[in-house]
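# Architecture at a glance
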Amino acid sequence: MKKFNFGAGPSILPQEVIKATAEACLEFDNMGLSLMEISHRTKNFQAVIDEAIALVKELLKVPEGYSVLFLGGGASTQFCYVPFNLLEKKAAYLNTGVWARKAVKEAKLFGEVVEVASGAAANYTYIPKNYQIPADADYFHITTNNTIYGTELHEDIDSPVPVVADMSSDIFSRVIDVKKYGLIYGGAQKNLSMAGVTFVIVRDDLLGKVSRPLPTMIDYRTHISKGSMFNTPPVVPIFTCLQTLRWIKSQGGVPAMEKLAKERAELLYNEIDRNPFFRGTVTHKEDRSFMNICFVMADDKKELEDEFREFATARGMHGIKGHRDVGGFRASTYNAMPIEGVKALVETMQEFERLHS
Ligand SMILES: *Cc1c(COP(=O)(O)O)cnc(C)c1O
């Protein structure tokens, strides 16, 4: 049976991306060798990372003065890289969920952290607004898409200080104005690649300003100067990134991804709002994520939760169990999710409604 992968991460990738990676793992670039067993210093792999960096810059219209890096360690390691490299005295953070909180925890090791606002008291069911960003902060950190709670910042924000954004789960799904950011990072395993690589887009002139000594591997400038090849980079995940970036371009680029994301989200949210068996968990509709769509059984239908999960799973809906902090269901609708997948989920919800009415 055809399965639709609604898992939150690692998550769905275009079929052709998976195929190209599988083929390169058998034989890469007519070398008679696997991608897994060649040196990252071969010209064949250099061409891969060069094209991947060039495509990130092209697809996101990255302006002059920014560097694109592919590193190991996941987004969670960036929680510490960022303050290590940028926090001299004070940093501001917007607390919109578990990932934001984890970023705050690391930053506190390096200096004063101002939490400008927090959605914690409402279990992060909305994104706080009308907060003050201290003008003397070294940077302001946001999580643009809160993967666990299904909230998303749909617009670039204005800030008196450089914005640092964790875009792990919505990169390349929406047109962004990179010059409004000082640094963008994320684990690639949600919307870009398999697990194992982390992307960073950083404005070069923000670096080298902190007074603390930086370990070589933690200093972004090390990786910028060596084109992400100071040490062995995650070769296979970077190859997979390149395939996804080519795929995004072939589909019409980020504007096309954004259009599809809106279509998918609208279809599913409309059904959640219409169907008396379900209820969306995000209280402020303008904050609803286009990437992770969270819903629960309606209050008078709670006892049907396990039954619906089994019902949907039996119809090929993979990975819709909600995160334990929210419960219910989460349908992750990343770039590679075809609209047919969302239609199938909507039909499943309607079928369930008929069955019980
Ligand atoms: C998944 C996720 C992370 C953690 O990523 P790792 O690469 O596993 O460290 C951080 N932030 C957000 C928004 C995420 O969705």
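Here the structure is a predicted model, which means the values were calculated and not measured.

Thresholds applied
Residues numbered from 1 in each chain as written. Predicted model: local features only at pLDDT ≥ 70, side-chain atom pairs only at ≥ 80, totals over all residues. Heavy atoms only, no water. Helix = DSSP H or I, 4+ residues; strand = E, 2+ residues; numbered from the N terminus. Rg over C-alpha atoms; globule rule 2.2 N^0.38 Å. Buried < 20%, exposed > 50% of the residue type's maximum accessible area, 1.4 Å probe, protein only. Domains from an automatic or database assignment. Contact = heavy atoms within 4.5 Å. Buried area = accessible area lost by both parts, 1.4 Å probe. Salt bridge = Lys/Arg side-chain N within 4 Å of Asp/Glu carboxyl O. Axes fitted to C-alpha atoms, helices over the stretch in contact; angles between N-to-C directions. Parallel < 35°, antiparallel > 145°, perpendicular 65-115°, else oblique. Left-handed = near helix turned anticlockwise from the far one by under 90°. Nonpolar A, V, L, I, M, F, W, Y, C, P; charged D, E, K, R; others polar. Pairing = 2+ DSSP bridges. Polar contact = N/O pair within 3.5 Å; in protein donor to acceptor, adjacent residues only side chain to side chain. Lys, Arg positive; Asp, Glu negative; His and termini not counted. 1 Å grid on protein atoms, 1.4 Å probe; cavity = no way out; pocket = protein on both sides within 12 Å on 5 of 7 lines; lining within 4 Å. Points joined across faces, edges and corners; volume = space filled by probe spheres on them.

### Describing the overall build of the protein chain
The helix and strand inventory of the protein chain stands at nine helices and 14 strands. Relative to the compact-globule value of 21 Å for 357 residues, the protein chain shows a C-alpha radius of gyration of 21 Å, a close match. Taking the principal axes of its C-alpha atoms as reference, the protein chain extends roughly 65 × 55 × 30 Å. Taking all 357 residues of the protein chain together, the buried fraction comes to 58%.

### Brief notes about the domain arrangement of the protein chain
If you check the domain split of the protein chain, you get domain 1 (15–250) and domain 2 (253–356). With centres defined by C-alpha atoms, the gap from domain 1 to domain 2 works out at 27 Å. Tallying the contact residues gives 28 residues for domain 1 and 26 residues for domain 2. Of all residues in domain 1, T125, I148 and H154 bury the most surface against domain 2, accounting for 21% of the area lost on that side. In this structure, the connection of domain 1 to domain 2 is made through two salt bridges.

### A look at the packing of helix α2 (residues 43–60) against helix α6 (residues 235–250)
Running from N to C, α2 and α6 cross one another at 45°; their axes reach a closest spacing of 9 Å. Considering their axes alone, α2 and α6 lie oblique with respect to each other. The crossing of α2 and α6 is left-handed. On α6, the residues that touch F45, V48, I49, E51, A52, L55, V56, E58 and L59 of α2 are V235, I238, F239, L242, L245, R246, I248 and K249. Of the residues in the contact of α2 with α6, the class split is 13 nonpolar, no polar and four charged.

### Some points on the sheet that holds strand β2 (residues 66–71)
Pairing within the open sheet is mixed, and its seven strands lie in the order β2-β10-β9-β8-β5-β3-β4. Whereas interior strands pair on both sides, the edge strands pair on one side only; in this sheet they are β2 and β4 (112–118). In this sheet, adjacent strand axes meet at a mean angle of 20° when their direction is disregarded. Where strand β3 (residues 90–95) meets strand β5 (residues 140–143), two bridges bridge the pair, whose relative direction is parallel. The partner of Y93 across the bridge, within β5, is H141.

### Comments concerning the environment of Y124
Position of Y124 among the secondary structure elements: in the loop between β4 and β5. Accessibility expressed as a relative area gives 2% for Y124, which makes it buried. Sequence separation between Y124 and M1 is 123 residues, and the spatial gap between their C-alpha atoms is 36 Å. Leave out the neighbours within four places in its chain, and Y124 touches N95, T96, G97, V98, R101, S118, G119, Y149 and T151. There is a polar contact of 3.1 Å between the side chain of Y124 and the side chain of R101.

### Here we look at the side chain of R330
With respect to the helices and strands, R330 occurs in strand β14 (residues 329–332). Although R330 lies buried, it forms no salt bridge, and the closest oppositely charged side chain, D325, sits 9.1 Å away as judged by the N-O distance. Separated by 2.8 Å, the side chain of R330 and the backbone oxygen of T147 make a polar contact.

### Overview of empty space enclosed by the protein
Taken as a whole and judged by the stated rule, the model has one cavity of 30 Å³ or more. Considered as a void within the structure, the largest cavity measures approximately 30 Å³ in volume. L60, M167, D170, I171, F172, R174 and I176 together form the lining of the largest cavity. Its residues placed into classes, the lining of the largest cavity shows five nonpolar, no polar and two charged.

### Some details on the environment of N130
Tracing the backbone through its elements, the reader meets N130 in the loop between β4 and β5. Through-space distance from the C-alpha of N130 to that of E16 is 44 Å; in sequence the pair is 114 residues apart.

### Examining unusual backbone geometry
What is expected of a backbone is that most residues other than glycine have negative phi and most peptide bonds are trans. That bond from G9 to P10 is cis: its omega, -15°, falls within 30 degrees of zero. As for its placement among the helices and strands, P10 is situated in the loop between β1 (4–5) and α1 (15–26). Unusually for a residue other than glycine, K61 sits at a positive phi of about 50°. Within the secondary structure layout, K61 lies in the loop between α2 and β2. Exposure remark for K61: the relative accessible area of 70% places this residue in the exposed category. A positive phi angle is found at N130, which is not glycine, with a value near 55°.

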